[in-house]
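Listed below are the residues making up each chain.
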Amino acid sequence: MTKVLIATEKPFAPAAVNGIREVVEGAGYELVLLESYTDKADLLAAVADVDAMIIRSDKATREVIETAKNLKVIVRAGAGYDNIDLEACTEKGIVAMNTPGQNSNAVAELVLGMMVFFARNGYNGKAGVELRGKKIGIHAYGNVGRYVATIAKGFGMEVYAFDPFVAREKIEADGVKVVTSVDELYSTCNYVSLHIPANDKTKNSINYDLLNKMPKGGILVNTARKEVIDEQGLMKLMEDRKDFAYISDIAPDCKDEIAAKFEGRFFFTPKKMGAQTAEANINAGIAGANQIVNCIEKGDETYRVNK
Ligand code: 3PG
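The sections below set out a description of the structure shown in this document. Only a predicted model underlies this, so the values are computations on that prediction, with no experimental measurement involved. (Residues numbered from 1 in each chain as written. Predicted model: local features only at pLDDT ≥ 70, side-chain atom pairs only at ≥ 80, totals over all residues. Heavy atoms only, no water.)

**Quick look at the pairing of strand β7 (residues 158-162)**
Next up, step 1: Taking burial as the measure, the five residues of β7 include four buried ones, the bulk of the element.
Next up, step 2: Across five bridges, strand β6 (residues 135-139) lies against β7 in parallel orientation. Bridge pairing in β7 places Ile-138 opposite Ala-161.
Next up, step 3: Bridging between β7 and strand β8 (residues 177-178) involves two bridges; their strand directions are parallel. Among the inter-strand pairings, Ala-161 is bridged to a residue of β8, identified as Val-178. (Buried < 20%, exposed > 50% of the residue type's maximum accessible area, 1.4 Å probe, protein only. Helix = DSSP H or I, 4+ residues; strand = E, 2+ residues; numbered from the N terminus. Pairing = 2+ DSSP bridges.)

Following this line, the structure appears as structure tokens:
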């Protein structure tokens, strides 16, 4: 019998697991569940005989891929697939997919949620500031960026975006101002919200010089990946500019140093929370299950991300 594994170090909401089960068992397959694992050995044991798997930010390294002898399809229930060794998948003829757009609203709501929380001093009773009238720059106008734009406009913010891969007309149709360079985005906006993927071109690309272009009181919001930040540059900037703050859904590796030195100028979620809503889990998890069934049954490779 075809076996489908859900391997989630950070589990889906139960309703999402039930939905995935319905799709998988409805296709006549068996569902195997590995949740909240803390040891890589557990993941390696679980993948050994499965035909397909659904993961979140779980690390599908070459070792995992090579241990999964029967694996044909791996779906990252979410957008960013930097956690999958795509080369290893391609070498083994495994189809790797993501589920673009399915959890985007959840991430976008967290962006604005963290901004309000931070603007109101963590609700500590002291006077904060409002978002209305402030400028927000959306760095990469994909599914999440677009939702951020909609919500930010609802707050009365002026919305700017930079994305060389999306047509200017498409962005402008959303009532968003397009800037022509990344430098212009950072020098224009009070807030910049990151939505770039983590890859060889973007890793460490958010550096001192770029962040230093932000106006006084600039705030960087990161719900993307910690790897895109040049952490040494960020630390130096926070040292040099007492007005600058960093809020992020992914604590940086230098979180302890930031916490020790820059009190009141940062906020990090205790665990990556952007896509952690029942709705996002249901959308992405069930989409992933359907993609697996359609791929195995019909050879449908929509949303394949490896060659
Ligand atoms: C994504 O790339 O879709 C998000 O970062 C969500 O990650 P998560 O599924 O680990 O919460």
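**Points about the sheet that holds β6**
Next up, step 1: The parallel open sheet is built from seven strands, whose spatial order is β8-β7-β6-β9-β10-β11-β12. Taken across any chain shown, the strands that pair with only one partner, and hence form the sheet edges, are β8 and β12 (266-268).
Next up, step 2: Seen against the sheet, helix α5 (residues 104-119) touches β6, β9 (191-194), β10 (219-222), β11 (245-248) and β12 and runs at an angle of roughly 140° to β11.
Next up, step 3: Its contacts with the sheet put helix α6 (residues 143-154) on β6 and β7, and the angle it makes with β6 is roughly 170°. (Contact = heavy atoms within 4.5 Å. Axes fitted to C-alpha atoms, helices over the stretch in contact; angles between N-to-C directions.)

**Overview of the environment of Gly-154**
Next up, step 1: Structurally, the position occupied by Gly-154 is in helix α6.
Next up, step 2: A relative accessible area of 61% means that Gly-154 is categorised as exposed.
Next up, step 3: C-alpha separation for the pair Gly-154 and Ala-16, spaced 138 residues apart in sequence, amounts to 29 Å.

**Notes on the site of the ligand**
Next up, step 1: As a matter of local geometry, the ligand sits amid Lys-10, Arg-56, Ser-57, Arg-76, Gly-78, Ala-79, Gly-80, Asn-103, Arg-225, Lys-272 and Ala-275.
Next up, step 2: With respect to the ligand, the backbone of Gly-80 contributes an N or O atom lying 2.8 Å from an oxygen atom.
Next up, step 3: Here an oxygen atom of the ligand sits 2.9 Å away from a polar atom, N or O, in the side chain of Asn-103.
Next up, step 4: Taken together, the residues of the shell around the ligand sort by class into two nonpolar, four polar and five charged. (Near = heavy atom within 4 Å. Polar contact = N/O pair within 3.5 Å; in protein donor to acceptor, adjacent residues only side chain to side chain. Nonpolar A, V, L, I, M, F, W, Y, C, P; charged D, E, K, R; others polar.)

**Here we look at helix α12 (residues 278-298)**
Given 3.6 residues to a turn, an α-helix orients residues that are three or four positions apart in the same direction.
Next up, step 1: The first and last C-alpha atoms of α12 sit 29 Å apart over 21 residues, in line with the 30 Å expected at 1.5 Å per residue.
Next up, step 2: Of the surrounding elements, those touching the buried residues of α12 are β1 (3-8), α1 (14-26), β3 (52-55), β4 (73-76), β5 (95-98) and α5.
Next up, step 3: Just past α12, the residue Gly-299 takes up positive phi, approximately 70°. (Expected span 1.5 Å × (residues − 1).)

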